[in-house]
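Structure assessment
Spelled out, the chains give:
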Amino acid sequence: MTHPALPTARLGAEGPLVGVQGLGCMGMSEFYGPTDTTESLATLDAALAAGVTLFDTADMYGSGHNEELIGPFVRANRDRVVLATKFAIERRAEDPGHRGIRNDPAYIRSAVDASLRRLGVDVIDVYYMHRRDAAVPLAESVGAMAELVRAGKVRHLGLSEVTGAELREAHAVHPIAAVQSEWSVFARDVERSVVPAAADLGVAFVPYSPLGRGFLTGSFQSAEQLAADDVRRTQPRFTGDNAAANGGLLEPLRRIATARGVTLAQVALAWVHQRAQVHGLTVVPIPGTRKRSRLAENTAAATLELTGEELALLEPVAGEVAGDRYPSMAFTQVGRE
Ligand SMILES: NC(=O)c1ccc[n+]([C@@H]2O[C@H](COP(=O)([O-])OP(=O)(O)OC[C@H]3O[C@@H](n4cnc5c(N)ncnc54)[C@H](OP(=O)(O)O)[C@@H]3O)[C@@H](O)[C@H]2O)c1
């Protein structure tokens with residue numbers, strides 16, 4: 001049962017009903033500094049108790065570790081958890097920085113079996129293509145994903161970092177329940193083509209990194225402050241002069257947060273939820289946290305209403321952000337638009 005404090009929303013016309021905010025589990029395994037398994041597992045339980053039902057992982061998070069970590073929690077709560085995982089980014093044990101993009105049907109068939117095995121479940125609720133390899137015809141990849149639905153291994157399909165045109169093409173092959181791409185006060189390139197396409201097709205939007213990977217919360221000013229292996233050290237907007245300039249852009253969030261007696265994180269999340277109304281589509285952000293305290297804070301933001309004046313203060317921010325979202329934008333939707 002979903003907690004009454006968190007409204008629900010449907011992923012696509014035929015997809016599952018989920019709490020209107022999900023939980024990103026990635027940081028529980030990798031990328032954002034030291035992890036704490038006990039607190040991470042307690043955060044999963046706290047999320048479910050708060051009405052969060054969409055739990056987001058991927059096969060590449062910790063090279064399988066993240067799926068293995070959340071597997072027991074998913075199995076213990078299988079009737080309430082909506083489990084989302086992803087394929088397409090191949091890693092190599094001997095080369096930690098390697099990222100190969102694979103969309104070919106044979107790879108998809110082996111990836112789903114590996115995910116099911118690590119998770120210890122019979123079926124994945126939402127199976128996303130994590131990145132698009134334009135060398136493989138999209139209809140072939142989505143066709144292979146549709147076969148997984150027919151085989152009962154997957155219930156619904158999703159795509160990540162696709163263009164509006166790619167979403168339309170895929171949706172014509174098999175209904176797509178959700179698109180997952182970066183969308184926040186700091187990252188609005190999706191509003192150009194894929195958001196309007198999703199609104200048009202009735203596909204739900206699952207914004208990832210809605211807290212700008214933590215930068216929008218004011219908890220770090222520059223990635224140079226973070227652990228040596230923190231992935232944000234490689235992301236252009238969080239380092240050097242860009243980080244200093246972007247820190248100044250948090251001022252309107254800070255003003256709103258102070259006036260409303262809420263946190264910067266809550267303002268950032270409320271903004272994402274309210275963009276749904278502007279674009280006329282369902283939005284289910286998946287802020288990532290490994291801590292129960294932040295889970296409670298973030299969940300409360302799902303029902304925070306910003307005024308028109310506050311939204312206007314935030315409107316110009318994304319246009320002023322210095323630096324790209326990734327070191328290379330080639331494998332984002334921007335690279336193909
Ligand atoms: N499809 C894709 O390509 C893709 C890419 C990236 C991420 N994702 C998914 O999206 C999820 C969310 O994105 P994300 O984790 O990259 O970024 P995010 O949600 O924007 O930010 C996460 C960061 O913010 C911190 N944080 C969370 N709540 C906070 C709060 N209230 N106050 C201060 N700091 C807070 C977290 O630290 P603590 O954990 O210490 O709280 C973490 O460092 C991921 O977990 C993953 O499932 C998908």
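Residues numbered from 1 in each chain as written. Predicted model: local features only at pLDDT ≥ 70, side-chain atom pairs only at ≥ 80, totals over all residues. Heavy atoms only, no water.

**Re the packing of aromatic side chains**
With the rule as written, the count across this model stands at 8 aromatic pairs. For the ring pair W183 and F205, a centre distance of 5.0 Å and an interplane angle of 70° mean the geometry is edge-to-face. Highlighted residues: W183 in the loop between β10 (176-182) and α6 (194-201) and F205 in strand β11 (residues 204-208), separated in sequence by 22 residues. An angle of 40° between the planes, with centres 5.8 Å apart, marks the rings of F186 and F215 as tilted. (Phe/Tyr/Trp six-rings, centres within 6.5 Å; stacked < 30°, edge-to-face > 60°. Helix = DSSP H or I, 4+ residues; strand = E, 2+ residues; numbered from the N terminus.)

**Looking at the sheet that holds strand β4 (residues 54-56)**
If you trace the 7 strands from one edge of the open sheet to the other, you get β3-β4-β5-β8-β9-β10-β11, paired in parallel fashion. Looking at strand neighbours, the two that pair on one side only are β3 (23-24) and β11, the edges of this open sheet. Here β10 pairs with β11 via 5 bridges, running parallel. Looking at β11, one finds that A178 is bridged to A204. Sheet strands in contact with helix α3 (residues 105-119) are β5 (82-87), β8 (124-129) and β9 (154-160), and its direction is about 140° off that of β8. (Pairing = 2+ DSSP bridges. Contact = heavy atoms within 4.5 Å. Axes fitted to C-alpha atoms, helices over the stretch in contact; angles between N-to-C directions.)

**Some points on helix α2 (residues 65-76)**
Think of an α-helix as turning once every 3.6 residues; residues three or four places apart then point the same way. Every buried residue belonging to α2 is among N66, E67, L69, I70, G71, F73 and V74, and all of these are buried. The elements touched by buried residues of α2 are α1 (37-49), β4, β5 and α3. (Buried < 20%, exposed > 50% of the residue type's maximum accessible area, 1.4 Å probe, protein only.)

**Digging into the pattern of salt bridges**
Under the counting rule described, the total for this entry stands at 24 salt bridges. The residue D56 makes a salt bridge to K86 at a minimum N-O spacing of 2.6 Å. Here D56, found in strand β4, pairs with K86, found in strand β5; they are 30 residues apart in sequence, far enough to count as distant. In this structure, D56 and K86 share a single accessibility class: buried. Its salt-bridge partner being D104, residue R102 comes within 2.8 Å of it at the nearest N-O pair. Connected through salt bridges with shared partners, the residues E161, E182, D189 and R325 form a single ionic network. (Salt bridge = Lys/Arg side-chain N within 4 Å of Asp/Glu carboxyl O.)

**Some points on unusual backbone geometry**
A positive phi angle, near 85°, is found at F31, a position not held by glycine. Looking at the secondary structure, you find F31 in the loop between β3 and α1. Positive phi is not limited to glycine here, since S209 has a value of about 45°. Of note, S209 is situated in the loop between β11 and α7 (240-248). You can call S209 buried: its relative accessible area is 14%.

**Here's the deal with the packing of α1 against α2**
At a minimum axis distance of 11 Å, the contact between α1 and α2 shows a crossing angle of 40°. Considering the angle they form, α1 stands oblique to α2. The two elements α1 and α2 cross, and the hand of that crossing is right-handed. Here T37, L41, L44, D45 and L48 of α1 come into contact with α2, specifically with L69, I70 and F73. (Parallel < 35°, antiparallel > 145°, perpendicular 65-115°, else oblique. Left-handed = near helix turned anticlockwise from the far one by under 90°.)

**Regarding the layout of surface pockets**
In this approach the atoms are scanned with a rolling probe the size of a water molecule, which exposes any empty space left behind. Considering only enclosed or pocket space, the second largest pocket measures out at about 260 Å³ in volume. In terms of lining residues, the second largest pocket is bounded by 15 residues, among which D59, S63, I89, R91 and R118 are the most central. Contributions of two or more residues to the lining of the second largest pocket are made by β6 (89-92) and α3. Counting residues per element, the lining of the second largest pocket draws most heavily on α3, which supplies 5 residues. Partitioned by chemical class, the residues of the lining of the second largest pocket number 7 nonpolar, 3 polar and 5 charged. (1 Å grid on protein atoms, 1.4 Å probe; cavity = no way out; pocket = protein on both sides within 12 Å on 5 of 7 lines; lining within 4 Å. Points joined across faces, edges and corners; volume = space filled by probe spheres on them. Nonpolar A, V, L, I, M, F, W, Y, C, P; charged D, E, K, R; others polar.)

**Considering the site of the ligand**
Around the ligand sit 31 residues, and of these Y32, D56, L211, T289 and K291 come closest. In this structure, a nitrogen atom belonging to the ligand sits 2.9 Å away from a side-chain N or O atom of S160. Between the ligand and E297 there is a distance of 3.1 Å, counted from a nitrogen atom to a side-chain nitrogen or oxygen. For the ligand, the protein covers 96% of the area, taking 900 Å² as the surface of the free molecule. Here the shell around the ligand is built from residues that sort into 11 nonpolar, 11 polar and 9 charged. (Near = heavy atom within 4 Å. Polar contact = N/O pair within 3.5 Å; in protein donor to acceptor, adjacent residues only side chain to side chain. Areas by Shrake-Rupley, 256 points an atom, 1.4 Å probe, with all protein chains shown as cover.)

**Overview of the pairing of β9**
With 6 of its 7 residues buried, β9 lies for the most part within the structure. With 5 bridges joining them, β8 and β9 adopt parallel strand pairing. Bridged to V126 within β9 is H156. In this view, the connection linking β8 to its parallel neighbour β9 by way of helix α4 (residues 138-150) has right-handed handedness. Looking at chain direction, β9 and β10 are connected through 4 bridges and run parallel. Bridged to S160 within β10 is Q180. Note on the crossover from β9 through helix α5 (residues 164-173) to β10: the handedness is right-handed. (Right-handed = clockwise from strand over helix to strand, strands pointing away.)

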